[in-house]
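Chains, contacts and geometry: an overview
So the chains spell out like this:
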Amino acid sequence: MGFLTQKDAEMFRAYFKEMAFLRGIGVIYQYPIDMEFSNYAEENPKGYSEEIPMHIIFEENPKMNTLRKYGWVSENPDDKPYIATLPYDAKNLCAGCRIRIPSPFPKNPGRLFVITEITANLEFPDAWVCKLAPVMHTK
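Summary of the structure given here. (Residues numbered from 1 in each chain as written. Predicted model: local features only at pLDDT ≥ 70, side-chain atom pairs only at ≥ 80, totals over all residues. Heavy atoms only, no water.)

Topic: the overall build of the chain
Helix and strand counts for the chain stand at 2 helices and 8 strands. When the elements of the chain are put in sequence order from the N terminus, they spell out α-β-β-β-β-α-β-β-β-β. Counting every position in the chain, which comprises 139 residues, the buried fraction comes to 32%. Expressed as a percentage of contacts within the chain between residues at least 6 apart in sequence, the contacts between residues at least 24 apart total 56%. Carbon and sulfur atoms form 53% of the exposed surface of the chain, whose accessible area is close to 9,500 Å². (Helix = DSSP H or I, 4+ residues; strand = E, 2+ residues; numbered from the N terminus. Buried < 20%, exposed > 50% of the residue type's maximum accessible area, 1.4 Å probe, protein only. Contact = heavy atoms within 4.5 Å. Areas by Shrake-Rupley, 256 points an atom, 1.4 Å probe, with all protein chains shown as cover.)

This is the structure in structure tokens:
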């Protein structure tokens, strides 16, 4: 396959956004504001942005081939990370961004994840692939 032109790349990105809307899930995305790190490399943001609704592809139990493709293979096959595929135009995407998956039940706040690693498929750069970790508590 040859190189993608600017128009082709924009077309593939629009295809991904449509696919995520049809097949993915709706989430709330927030990026950190004024990120600082502690002595132990813990993320300590001053705050988060306003809530941005978006649709993503969420894989709770990814296949080993998918993990190998992005270089995220671990020694223990039971230790699989959560993977989310976000649109290419996600605002200020970086490690430390938060994704909240809303719950269908009204009294449950939903599941909260933080992005730990980001990569993209360079053959078809239509979306960002992010490794997620669950947030168990807030400071």
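A few points about the pattern of salt bridges
For the coordinates displayed, the defined rule picks out 3 salt bridges. In this structure, Glu 60 and Arg 111 form a salt bridge, with 3.2 Å as the shortest nitrogen-oxygen distance. On the criterion of sequence distance, the pair formed by Glu 60 in the loop between strand S4 (52–59) and helix H2 (64–70) and Arg 111 in strand S7 (residues 111–120) is long-range, its members being 51 residues apart. The exposure class of Glu 60 is partly exposed, given its relative accessible area of 42%. Taking relative accessible area as the criterion, Arg 111 reaches 35% and is therefore assigned partly exposed. One salt bridge in this structure joins Glu 117 and Lys 131, with 3.2 Å as the shortest N-O distance. Taken together, the residues span a long stretch of sequence, with Glu 117 in strand S7 and Lys 131 in strand S8 (residues 127–134) at a distance of 14 residues. Residue Lys 131 is classed as buried on the basis of its relative accessible area of 16%. (Salt bridge = Lys/Arg side-chain N within 4 Å of Asp/Glu carboxyl O.)

Some words on the pairing of S8
By the bridge criterion, 6 bridges tie strand S5 (residues 82–87) to S8 in an arrangement that is antiparallel. Bridge pairing in S8 links Leu 86 to Trp 128. One ladder, built from 7 bridges, connects S7 with S8; its direction is antiparallel. Opposite Val 114, over in S8, you have Ala 133 as the bridge partner. (Pairing = 2+ DSSP bridges.)

As for the side chain of Thr 85
Of note, Thr 85 is situated in strand S5. Setting aside its immediate chain neighbours within four residues, Thr 85 contacts Phe 16, Ile 56, Ile 57, Ala 127, Trp 128 and Val 129.

Quick look at unusual backbone geometry
With phi around 50°, Asn 92 is a residue other than glycine that occupies positive phi space. In this fold, Asn 92 is placed in the loop between S5 and strand S6 (98–101). You can call Asn 92 partly exposed: its relative accessible area is 46%.

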